[in-house]
Structure formats: structure tokens, C-alpha cells
There are 2 protein chains.
Amino acid sequence: VSISDLGEFGLIASFAERLPRGEATLVGIGDDAAVLAMPDGRVVASTDLLIEGRHFRRDWSGPEEIGGKAAAQNLADLAAMGADPTALLVGLAVPAAESADWVQRLVAGLARECAAAGATVAGGDLASADAVMIAITALGNLAGRAPVTRAGAHPGDVLAVAGVLGHSAAGLALLSAGLDGPAPLIEAHRWPHPPYQAGPEAATLGATALIDVSDGLVADLGHVARASGVLIDLDSSRLPSPQALAEAAAALAAATAAPGAAAGSDPGDVGVPLGWVLTGGEDHALAATFSPQTPLPPRWTVVGEVREGRGVLVDGRVFPGRSGWVSFGDKY
Amino acid sequence: VSISDLGEFGLIASFAERLPRGEATLVGIGDDAAVLAMPDGRVVASTDLLIEGRHFRRDWSGPEEIGGKAAAQNLADLAAMGADPTALLVGLAVPAAESADWVQRLVAGLARECAAAGATVAGGDLASADAVMIAITALGNLAGRAPVTRAGAHPGDVLAVAGVLGHSAAGLALLSAGLDGPAPLIEAHRWPHPPYQAGPEAATLGATALIDVSDGLVADLGHVARASGVLIDLDSSRLPSPQALAEAAAALAAATAAPGAAAGSDPGDVGVPLGWVLTGGEDHALAATFSPQTPLPPRWTVVGEVREGRGVLVDGRVFPGRSGWVSFGDKY
């Protein structure tokens, strides 16, 4: 059954059946707009576009994974303000000849990631287009907390991260090389699992700045450094570097027969673990700055410090490579 | 200067300079998410996609007009719930080779329509793509009013409309025929001006159902009839039919040398005024049902009644033509 067979309204009705209605949803799918309870008196709102061939490839990811990843990257933006996710609105452009099943599976992936974050899908729009395009707006609730922006880091603060770093980038490198493992890294690229609860936790702990790592750690810390007017110095020896990343680098080196790409060389090289950790986005780890007196729960790892100055250093030096994804340059 | 010269962050910075910050904007452009005051404790949220070649043509509309129309159609969805517009989030996909000036003019159109509706642009996302695609989410505030859905129309209610009908469809027919006038209709197609204040007004008056006419009057009343479980009978003699529509029909008939297309023939024909009024969307007029005792302000015109039954009739008969825009069928 193609989308044009089912029609816009038939397809929307089939979504509405499959999507749980959230407790905060006062008016849901099927009217001119959704109405959501925001008892805090504020709403946190973020929007993102994902475009086929640029942000995902349908030969590398199934529809559930594309939907799950689209939801994750938007829900992570709410966590990065210290908010709890409430709902997504989903604009979906698909070729009219696409199967209704493919779209329903994409929506199922969206719904599953929403459930993991405590949110629901409250509305959307459907249109036909030549390529798949997903526009998501995520709405969240601060539950009385002050929002944590990028602008509050102070000299003397510690820098800490929660969640994984470099896994998605390693998975992308493996897929690009035609490899199918290590599987956990490829899965991390297809469907990241941001540490949603770490966002409200950081806000409650009094984080001075908070961001999600979507473009790459060095690039995103650059936004914090700029907005806060500070220097951030990363200590690479404190960054998590799991064995899986070393295995991926070894597998890639073997596959490409390029010994220079093996683990341990230039960290600006995206073929090595530290390069993935420093420049890989899309895991949607959270990075926060805290006063050095703040007792940090175990999911936070201190990886650097904030000083007077401007910009981002790695081990006291300017980072030699490119710092992350470039929106009007990079492409799958 | 192309977008790729300026870069994503340069372009966003240039927008932020040009966009007024709303009073409700607690955190605006440039962080992970916007934070907006919603003192009502609820948020009304709607999302729409506009895709080049499907919803607009760059040879028919300038960037200001494309932006203004994109904003208008989303802000109208808020009015159609009885809400006051607060803010837009704008996802914008554009070819990297496009000029920064073109995009800035589009954003200026968005900002101008927002100002007309009492809203601002509070955030967004930029991506590169082969064609221009605009994903807008509009957020609004009910200010203590109950939302007016499509589901509350009762037998005995009157049906009334506020705003213009058929102007945008007539303008589209003129553009499609290569004509450049009557200018007000072509302008109405390029940049509609929905009657935003009529939405909260209808809610305050106790409207039982409310919708904006985006697909076509008959089609959109079909949504109300279905959601409310009623029959809606339109009285075509009460529908506004301004002289400009008759002039447009005459101009088209002369241009196409098809005398059968002249005013007064089959209302299912989109080349005649009544056809435009009944099936043309995109003016974003509001249609509402009210208890017959409700004293209606002058901007509302009673054009029909609600009865027991199902569906929509025009002058007591089933409408002979197609009732409006079909999302997975129609194309510019």
C-alpha cells in the first residue's frame, strides 16, 4: 500500500492509532494544532531538520532507526536546557510512491524513542517530496528549574560529560568503509541513546552551562566558550576511550590497509579513537560546566576545566584538526 | 555572498540581529532550545512543511512572500484553536549555493508576518538541501480560553466565516495562466493575510467548532462535520463573492479563449468565482460554528447551518466537484 493509495488523512489516522496519547496532551493529533499542558508556565522548544542523503541514508538505516535517531537528536536538545521532554511535532515529507508501511515504521521508531524519554508525538504534518525529509520540533518542561544555557561557564569551573562520545562517528566510519562491525558502534550511529535524565540532573546540581554534543565535542565546547566568554581546556587523558573504539580503528586499518590510520596517531585524524571522541557528534552526550565544589553523580566524568581566555584547547594546545560537522559542507 | 561562504553560524547570527526578541522569549536564538513564557500553563503548537515546487514556486513568489506566507499559514493554525500567536521556530533547508541575501529576505518576510500577528521568531535550524524546504512550528497562548476544536459543532448551530475566500485560488489560476492581474488576487496568493484576531474572538464568543480554511472551504468543513458528527449545509448565496473574483474569471476566460469557463457555470469548476470560494484554500479564512443566539461581530458572516446528519452540502446538495487540495496528489 503506497502513501498516495492511503492518502494523507488515512495515514494520519493510522499514526494516531499507534501513538500513545501523553498525559500532558489536552488536544492531540487531528485538529489545527495540539494543546499541551505546560504547568511550569514556560515551554522549552527546539527544532531540527533531517534530510535524506545529508543526515541519513536509507541503505544504511531502517525506518525505525531513522525515526528513533530523529527523535533522539531533538529530545537531547531539551535535556541540554535542563528540561524534561513532553512532546514532539513531526513534519514528514516523503515520496508519494513510498510504502505506508515504511512511514509507519519510521513513526514507530519516533514513538519508541519518545517513550524512552518520557514524551509522546502530539501532532505533525505530511507532505510529498522527492526525498525523505523529517522536521521535528521538541517541546519540554522545566518543572520549575532555571534553564541552563551555554552562556554561564565561569573560570574555575570544571567541565564534565555524561553519555558516550565518538561511538556514532566510529560507526559512521565503519559503515563508510563497508564494514558491519563492531555492531554496537554501528548501532550507536543508527540510533543514539542520549542520557536524557542527565540534563535535568545537571540543572538541579546548578550546572553553569550545558550543551548536547551534536556537532563534535571540540566544536560544541566552542559554542560554550564563545557564549560564556571563557577558555575551556580539555584533558584528553580523562576522556572515556572504550575498547570498542580501538577495535573499530584496528578493523578500519585492516580493511583500508592504511597502517598510518591505526590507533594512536594524530588525534585530528577521524580514523582514530581520540579523533572520534573529540570531533564526532550525534551521540548526543551532554557536556556541562559546574562549580568545582559540586558533588557530581557517577554518570558525570570530569574531563577538563574552564579558565580565563577564549576558545577551546585540548591538553593545553590548539586542536590541530577540524573540530566537527559543518552544516553547509559535510554530506554523507 | 553565498550561504556556504557565510556558514550556518554566520547566517544564524545575521538573522538574530534582524529578528526582534519577543517579550515572551526567555531564551532566544543561539542556544540548544528556546524558552518561552506560557503563563496560561498550556501551549498551543502546530507544524507545517512548505516545499519548493509543491507549495510555492520561486519564479512566482519572492523570498519575502514565501517567508510571509509560510508564517501566515502556521500562525493561522493557532488562531483556529482560539489562541494568540507567541513565536515561530523555523527549520530552513536551502541549497548551499543560494545567496545569503535571498535567505535573509525570506526571514524578513517571516518576521514581518509574525509582527502582524503579535509573534516573533524564537529559534530554528538551517540545513543544506537540493530544493528550498521550510518547516515551521508555531507556538501560541490561549490566555485562559478553552481551545476550540473541530469536534463541538451541534445541530442548530450557525456556520460563519471571517476573512476572505477564493482570493488565493483565483490568484493561483491567474499565475498559472501567465496573467499578472487583477493584482490584489495575485498578491493574496503570494502572501495571504489571515484574520488572526478572529480566532481568539470566536473562542471568547463561545464558538462550538473552529477551523482555518487551508485546503478549501468544503474540504475543511468536511473535517468539522466528521469530527463533530454533524451535517453542514452551506448557503452559496450568502458566501462573499467580490467583484475582483468575477474580473479574474473574465480575464481568464478571455486569456484562454474558453467561453465555457466564464463566471456562472458549474461551481465545481475551479475557473469560476464560486468554485474558488468553495474549494480554494490558502487564504486561511476562519470558519466557525456558533449557537444561533450568539451575537456575531461584523467580521463574521453567517453562510450556513449545522444539522443532524453527516457530511457537507452546498445549497442542500452534494458538492459536484472536488472539494479542495489533495496532499499526495496536487502539485504546482
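Residues numbered from 1 in each chain as written. Chains lettered and ligands numbered in written order. Predicted model: local features only at pLDDT ≥ 70, side-chain atom pairs only at ≥ 80, totals over all residues. Heavy atoms only, no water.

Chemist: Can you help me understand the pattern of salt bridges in this one?
Modeler: Pairing between side chains of opposite charge can happen when their charged atoms approach one another. What the rule picks out here adds up to 26 salt bridges over all chains. As a salt-bridge pair, aspartate 233 of chain A and arginine 307 of chain A come within 2.9 Å of each other at their nearest N and O atoms. Of this pair, aspartate 233 of chain A sits in strand S9 (residues 231-234) while arginine 307 of chain A sits in strand S11 (residues 301-307), placing them 74 residues apart in sequence. The class for arginine 307 of chain A is partly exposed, based on a relative accessible area of 31%. Each of the salt bridges in this network shares a partner with another, and the network as a whole consists of Asp31 and Asp32 of chain A together with Arg150 of chain B. (Salt bridge = Lys/Arg side-chain N within 4 Å of Asp/Glu carboxyl O. Helix = DSSP H or I, 4+ residues; strand = E, 2+ residues; numbered from the N terminus. Buried < 20%, exposed > 50% of the residue type's maximum accessible area, 1.4 Å probe, protein only.)

Chemist: Would you mind going over the interface of chain B and chain A with me for this structure?
Modeler: The extent of an interface is frequently quoted as the accessible surface area lost upon association of the parts. Taken together, the contacts link 59 residues of chain B with 59 residues of chain A. Buried area between chain B and chain A, summed over both chains or domains, comes out near 4,600 Å², and the portion from carbon and sulfur atoms is 64%. Where chain B meets chain A, there are four salt bridges. The shortest N-O distance in the salt bridge between aspartate 32 of chain B and arginine 150 of chain A comes to 3.2 Å. The leading source of residues in the side of chain B that touches chain A is strand S3 (residues 42-51) of chain B, at nine residues. Tallied by class, residues from the side of chain B that touches chain A come to 35 nonpolar, 13 polar and eleven charged. Of the strand pairs in this sheet, strand S2 (residues 34-37) of chain A and S3 of chain B are connected by four bridges, and their pairing is antiparallel. Its bridge partner being in S3 of chain B, alanine 37 of chain A is matched across the sheet by arginine 42 of chain B. (Contact = heavy atoms within 4.5 Å. Buried area = accessible area lost by both parts, 1.4 Å probe. Nonpolar A, V, L, I, M, F, W, Y, C, P; charged D, E, K, R; others polar. Pairing = 2+ DSSP bridges.)

Chemist: Looking at this model, I keep getting lost on the layout of surface pockets. Mind explaining?
Modeler: Over the atoms, a rolled probe matching the size of one water molecule traces out where space is still vacant. The volume enclosed by the second largest pocket comes to roughly 1,100 Å³. Around the second largest pocket, the lining comprises 48 residues; the ones closest to its centre are Glu8, Phe9, Ile12, Gly124 and Asp125 of chain B. For the lining of the second largest pocket, the secondary structure elements donating two or more residues are strand S3 (42-51), helix H2 (63-79) and helix H7 (217-228) of chain A together with helix H1 (3-18), strand S4 (84-94), helix H3 (100-117) and strand S5 (120-128) of chain B. With seven residues, S5 of chain B is the single largest residue contributor to the lining of the second largest pocket. Here the residues of the lining of the second largest pocket sort into 23 nonpolar, twelve polar and 13 charged. (1 Å grid on protein atoms, 1.4 Å probe; cavity = no way out; pocket = protein on both sides within 12 Å on 5 of 7 lines; lining within 4 Å. Points joined across faces, edges and corners; volume = space filled by probe spheres on them.)

Chemist: Help me understand the pairing of strand S5 (residues 120-128) of chain A in this model?
Modeler: For a regular strand, the rule is simple: side chains alternate between the two faces of the sheet. Residue and element names in this part refer to chain A. The buried count for S5 comes to eight of nine residues, which makes it a mostly enclosed element. Note: strand S4 (residues 84-94) against S5, eight bridges, orientation parallel. Note on S5: the bridge partner recorded for leucine 92 is leucine 126. After leaving S4, the chain enters helix H3 (residues 100-117) and then returns to the sheet as S5, a path that is right-handed. (Right-handed = clockwise from strand over helix to strand, strands pointing away.)

Chemist: Which parts of the structure should I look at to understand the relation of the copies chain B and chain A?
Modeler: Relating one copy of the chain to the other requires a rotation about an axis plus a shift along that axis. In screw terms, the move from chain B to chain A is a rotation of 180° and a rise of 0.0 Å along the axis, fitting with an RMSD of 0.0 Å. A rotation of that kind, with that shift, is consistent with a two-fold axis. Across chain B, the smallest distance between a C-alpha and the rotation axis is recorded for glycine 41 of chain B, namely 2.3 Å. In this assembly, 100% of the residues forming the interface of chain B have copies in chain A that are likewise at the interface, indicating an isologous arrangement. (Least-squares fit on C-alpha atoms with pLDDT ≥ 70 in both.)

Chemist: Sorry, what's going on with the sheet that holds strand S12 (residues 311-314) of chain B here?
Modeler: Strand pairing within a sheet occurs via backbone hydrogen bonds; the two strands may be parallel or antiparallel. Residues and elements named next belong to chain B. One open sheet accounts for seven strands, arranged S8-S10-S7-S11-S9-S12-S13; its pairing is mixed. At either margin of the open sheet sits one strand with a lone partner, and together these are strand S8 (209-212) and strand S13 (317-318). Note that S8 and strand S10 (residues 286-290) share four bridges and pair antiparallel. Bridge assignment links aspartate 212 to a residue of S10, and that residue is leucine 286.

Chemist: Sorry, what's going on with the packing of H2 of chain A against H3 of chain A here?
Modeler: All names here are of chain A. It is at 7 Å that the axes of H2 and H3 come closest, and there the two elements cross at 40°. It follows from the interaxial angle that H2 and H3 lie oblique. Handedness of the H2/H3 crossing: right-handed. Across from Pro63, Glu64, Ile66, Gly67, Gly68, Ala70, Ala71, Ala72 and Leu75 in H2, the residues of H3 making contact are Trp102, Arg105, Leu106, Gly109, Leu110, Glu113, Cys114 and Ala117. Here the residues of the contact of H2 with H3 sort into eleven nonpolar, three polar and three charged. (Axes fitted to C-alpha atoms, helices over the stretch in contact; angles between N-to-C directions. Parallel < 35°, antiparallel > 145°, perpendicular 65-115°, else oblique. Left-handed = near helix turned anticlockwise from the far one by under 90°.)

Chemist: How should the sheet that holds strand S1 (residues 25-27) of chain A be read in this particular structure?
Modeler: An order of S1(A)-S2(A)-S3(B)-S6(B)-S4(B)-S5(B) is seen for the six strands of this open sheet, with the pairing classed as mixed. The sheet terminates laterally at S1 of chain A together with S5 of chain B, the two strands that pair on one side only. Ignoring strand direction, the axes of neighbouring strands in this sheet form an average angle of 25°. Helix-sheet contacts for H1 of chain B involve S4 and S5 of chain B, and the interaxial angle to S5 of chain B is about 165°. Helix-sheet contacts for H3 of chain B involve S4, S5 and strand S6 (133-141) of chain B, and the interaxial angle to S4 of chain B is about 165°.

Chemist: Please clarify how the packing of aromatic side chains should be interpreted in this entry.
Modeler: Where two aromatic rings form a pair, the distance of their centres and the angle of their planes describe that pair. All chains considered together, the criterion is met by two aromatic pairs over all chains. A centroid spacing of 5.4 Å and a plane angle of 80° characterise the contact between phenylalanine 290 of chain A and tryptophan 300 of chain A, whose relative ring orientation is edge-to-face. Of this pair, phenylalanine 290 of chain A sits in strand S10 (residues 286-290) while tryptophan 300 of chain A sits in the loop between S10 and S11, and the two are ten residues apart along the sequence. Comparing phenylalanine 290 of chain A with tryptophan 300 of chain A, the two get one shared label, buried. Positioned over the ring face of tryptophan 102 of chain A is arginine 58 of chain A, at 4.1 Å from the centre of the ring. For arginine 57 of chain B, the ring lying beneath its charged end belongs to tryptophan 60 of chain B, and the centroid distance is 3.9 Å. (Phe/Tyr/Trp six-rings, centres within 6.5 Å; stacked < 30°, edge-to-face > 60°. Lys NZ or Arg CZ within 6 Å of the ring centre and 35° of its normal.)

Chemist: Sorry if this is basic, but what is going on with the pairing of S9 of chain A here?
Modeler: Residue and element names in this part refer to chain A. By the alternation rule, side chains of S9 split into Leu231 and Asp233 and Ile232 and Leu234, which are all buried. By the bridge criterion, four bridges tie S9 to strand S12 (residues 311-314) in an arrangement that is parallel. Considered in S12, the bridge of aspartate 233 is made with leucine 313.

Chemist: For this particular structure, what's the right way to read unusual backbone geometry?
Modeler: Residues and elements named next belong to chain A. Along the chain, glycine 181 connects to proline 182 via a cis peptide bond; the corresponding omega equals 0°. Within the secondary structure, proline 182 sits in the loop between helix H4 (167-176) and helix H5 (183-190). One non-glycine residue, histidine 284, adopts positive backbone phi at about 55°. Of note, histidine 284 is situated in the loop between helix H9 (273-279) and S10. Taking the relative accessible area as the measure of exposure, histidine 284 reaches 4% and is therefore buried. Non-glycine residue aspartate 315 carries a positive phi angle of around 55°.

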